[in-house]
Protein chains: 2
Amino acid sequence: MTSNVKTPPSDIQDEPKGEINLGILDEIIGFRIRRIQNHLSRSFTALLNQDDLRPGVFSSLALVAANPGLSQKTLAREVGFDKATIVAVLDNMEAKGWTRRQRSTTDRRRHLLFVTPKGQEALDQMAILVRRNEAKAHASLSAEEQDVLLRLLDKVYKSCFVDVSE
Amino acid sequence: MTSNVKTPPSDIQDEPKGEINLGILDEIIGFRIRRIQNHLSRSFTALLNQDDLRPGVFSSLALVAANPGLSQKTLAREVGFDKATIVAVLDNMEAKGWTRRQRSTTDRRRHLLFVTPKGQEALDQMAILVRRNEAKAHASLSAEEQDVLLRLLDKVYKSCFVDVSE
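Note that this is a predicted model, so its numbers are computed, not measured.

Enquirer: When you look at the overall build of chain A in this model, what are you seeing that I'm missing?
Expert: Per the secondary structure count, chain A includes six helices and three strands. Its helices and strands in sequence order give chain A the pattern α-α-β-α-α-β-β-α-α, from N to C terminus. Expressed as a percentage of the 166 residues in chain A, the buried residues total 51%. Contacts spanning at least 24 positions in sequence make up 52% of the contacts within chain A whose residues lie at least 6 apart. Roughly 8200 Å² of accessible area belongs to chain A as shown, and the carbon and sulfur atoms make up 52% of that amount.

Enquirer: I keep staring at the interface of chain A and chain B and nothing clicks. Help me out?
Expert: Many descriptions give the size of an interface as the accessible area lost when the pieces come together. Each partner contributes residues to the interface: chain A has 93 residues there, and chain B has 89 residues. Interface area, chain A with chain B, both sides summed: about 8700 Å², of which 60% is carbon and sulfur. Run the count over chain A and chain B and you get 10 salt bridges. For Glu145 of chain B, the salt bridge identified is with Lys155 of chain A, shortest N-O distance 2.9 Å. For the side of chain A that touches chain B, the residue count by class is 42 nonpolar, 26 polar and 25 charged.

Enquirer: I'm lost on the side chain of His39 of chain B in this one. Help?
Expert: With respect to the helices and strands, the residue His39 of chain B is situated in helix H1 (residues 29-48). Under the relative-accessibility criterion, His39 of chain B is labelled buried at 15%. Polar contacts involving the side chain of His39 of chain B include one to the side chain of Tyr157 of chain A, which spans 3.4 Å. Not counting chain neighbours up to four residues away, the residues in contact with His39 of chain B comprise Arg77, Gly80, Tyr157, Cys160 and Phe161 of chain A.

Enquirer: Even after reading the chapter, I still don't get the sheet that holds strand S3 (residues 111-115) of chain B, so can you show me in this structure?
Expert: As a general point, the strands of a sheet are linked pairwise by backbone hydrogen bonds and lie either parallel or antiparallel. Residue and element names in this part refer to chain B. If you trace the three strands from one edge of the open sheet to the other, you get S1-S3-S2, paired in antiparallel fashion. Lying at the two open borders of the sheet, with one neighbouring strand each, are strand S1 (70-71) and strand S2 (99-103). Contacting S1, S2 and S3, helix H2 (residues 57-66) runs over the sheet at an angle of about 95 degrees to S3.

Enquirer: Help me out: how do you make sense of unusual backbone geometry in this one?
Expert: Working note: non-glycine residues mostly have negative phi, and peptide bonds are mostly trans. Unlike most non-glycine residues, Asn49 of chain A shows phi in positive territory, near 55 degrees. Counting through the fold element by element, Asn49 of chain A comes out in the loop between helix H1 (29-48) and helix H2 (57-66).

Enquirer: Help me understand the relation of the copies chain A and chain B in this model?
Expert: One copy of the chain maps onto the second through a rotation around an axis plus a translation along that axis. For the pair chain A and chain B, the best superposition has an RMSD of 0.0 Å and corresponds to a rotation of 180 degrees with a translation of 0.0 Å parallel to the axis. The superposition of one copy onto the other is thereby described by a two-fold rotation axis. Interface overlap between copies: 94% of the residues of chain A at the interface are likewise at the interface in chain B, consistent with a symmetric, same-surface contact.

Enquirer: Is there a simple way to think about the confidence of the model for chain A in this case?
Expert: Caution applies to low-pLDDT regions: their predicted coordinates should not be interpreted in detail. All names here are of chain A. Of the residues in chain A, 87% have a pLDDT of 70 or more, and the chain-wide mean is 86. Low pLDDT, under 50, characterises residues 1-13; the predicted model gives this stretch 24 contacts beyond four residues in sequence or across chains. In the predicted assembly, ipTM is 0.82 and pTM is 0.82.

Enquirer: Even after reading the chapter, I still don't get the pattern of salt bridges, so can you show me in this structure?
Expert: Any two side chains of opposite charge can pair, on the condition that their charged atoms come close. For the structure on display, the rule yields 22 salt bridges over all chains. Among the charged side chains, a network of salt bridges with common partners joins Asp26, Arg32 and Arg35 of chain A together with Arg77, Glu78 and Asp154 of chain B.

Enquirer: Looking at this structure, how should I read H1 of chain A?
Expert: Helical geometry: 3.6 residues make up each α-helical turn, so side chains three or four residues apart lie on a common side. Compared with the 28 Å implied by 1.5 Å per residue over 20 residues, the 28 Å span of H1 of chain A between its first and last C-alpha is a close match. One or two positions beyond H1 of chain A, positive phi appears at Asn49 of chain A, with a value near 55 degrees.

Enquirer: Before we go on, may I ask you to explain the sheet that holds strand S2 (residues 99-103) of chain A in this structure?
Expert: All names here are of chain A. Read from one edge of the open sheet, three strands run S1-S3-S2, paired in antiparallel fashion. Every other strand in the sheet has two partners, leaving strand S1 (70-71) and S2 as the edge strands with one partner each. The sheet contact formed by S1 and strand S3 (residues 111-115) spans two bridges and is antiparallel. Within S3, the position partnered with Leu70 by the bridge is Leu113. Relative to S3, H2 is tilted by about 95 degrees, and along the sheet it contacts S1, S2 and S3. Contacts from helix H4 (residues 83-95) reach S2 and S3, with the element oriented near 120 degrees to S2.

Enquirer: Just to check I follow, could you spell out the packing of aromatic side chains for this structure?
Expert: Enumeration over the complete set of coordinates arrives at four aromatic pairs over all chains. Where Tyr157 of chain B meets Phe161 of chain B, the ring centres are 5.1 Å apart and the plane angle is 85 degrees; that geometry is what we call edge-to-face. Across the pair, exposure class does not vary: Tyr157 of chain B and Phe161 of chain B are buried alike. In this structure, Arg35 of chain A packs its charged tip against the face of Tyr157 of chain B, placed 4.0 Å from the ring centre.

Enquirer: Before we go on, may I ask you to explain the packing of H1 of chain B against helix H5 (residues 117-139) of chain B in this structure?
Expert: Two quantities define a packed helix pair, namely the angle between the helix axes and the distance between the axes. Residues and elements named next belong to chain B. Look at H1 against H5: their axes get within 10 Å of each other, and the N-to-C directions meet at 135 degrees. The angle between the axes of H1 and H5 places the two elements in the oblique class. When the axes of H1 and H5 are compared, the crossing they make is right-handed. Contacts between H1 and H5 involve Leu40, Ser43, Phe44, Leu47 and Leu48 on the former and, on the latter, Met126, Leu129, Val130, Arg132, Asn133 and Glu134. Residue composition of the contact of H1 with H5, grouped by class: seven nonpolar, two polar and two charged.

Basis of the calculations
Residues numbered from 1 in each chain as written. Chains lettered and ligands numbered in written order. Predicted model: local features only at pLDDT ≥ 70, side-chain atom pairs only at ≥ 80, totals over all residues. Heavy atoms only, no water. Helix = DSSP H or I, 4+ residues; strand = E, 2+ residues; numbered from the N terminus. Buried < 20%, exposed > 50% of the residue type's maximum accessible area, 1.4 Å probe, protein only. Contact = heavy atoms within 4.5 Å. Areas by Shrake-Rupley, 256 points an atom, 1.4 Å probe, with all protein chains shown as cover. Buried area = accessible area lost by both parts, 1.4 Å probe. Salt bridge = Lys/Arg side-chain N within 4 Å of Asp/Glu carboxyl O. Nonpolar A, V, L, I, M, F, W, Y, C, P; charged D, E, K, R; others polar. Polar contact = N/O pair within 3.5 Å; in protein donor to acceptor, adjacent residues only side chain to side chain. Pairing = 2+ DSSP bridges. Axes fitted to C-alpha atoms, helices over the stretch in contact; angles between N-to-C directions. Least-squares fit on C-alpha atoms with pLDDT ≥ 70 in both. pLDDT = per-residue confidence, 0-100. Expected span 1.5 Å × (residues − 1). Phe/Tyr/Trp six-rings, centres within 6.5 Å; stacked < 30°, edge-to-face > 60°. Lys NZ or Arg CZ within 6 Å of the ring centre and 35° of its normal. Parallel < 35°, antiparallel > 145°, perpendicular 65-115°, else oblique. Left-handed = near helix turned anticlockwise from the far one by under 90°.

Right, here's the structure in full:
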């Protein structure tokens, strides 16, 4: 596993995987999740092989599919996007004919979102790739560990909104 | 929670926080971590208030500080960056006088990385902001939950490399 490229014993070796010193990062949750996301999103992009899809399209499409009539604002909050990003993602999905935006009849400032049949089909296909992309991650955890992980991540996510709510 | 569009007075209200249906995302680890990262990185960028810093600089600087002489390749692996990204991050840090790259005397293809005193000072200041940025997340977990979360995230991260190593 380690690489011994032309190196006499005293030179610095490639550090063993996952065994370098994390230093002050050791307790930084953001670091632990960021590096996983960097890997997963890169490998997903490679699997997906569609240059015209913005990151976040899969998650957004899935949430709208699961919550027909979802508001743009709630969607943004649930995927963690700011307004500019969610608008760009929605434009991207709409351009592909996957979702449609509809103004609420009772509050014209609100956009309600719906997935089209074409969007549902695209979602089903992407879901296969997402599961394939995460197969190794899931295999590395027992069912109980996976439950615990998701529950703890949800606690952390909810904490993002403490003191920020209206 | 179900959608009854165009039907006053049962028009869709803003969905309660964290209580929308996650649909097929329910078991997607990448979704759970991505939305946390979106929030944390946006609030960190706001706290940091330095437009000339690339995302990833803090983590990279911290890892080099904790592992003097770290190779560029190992750093890229530990933060989850591809080669182009790590080179851009290193250029950014070097331009600010925070790190220096040195070719290995025994293997000229390897770059060994070191933090300068100025870089250490910048790191110390950023670390304060990172901890402040994560304070709510940490407060939401017991000490035991935090340990479990980090351990499980590390298992997932290591799984990213299964079958990909040389």
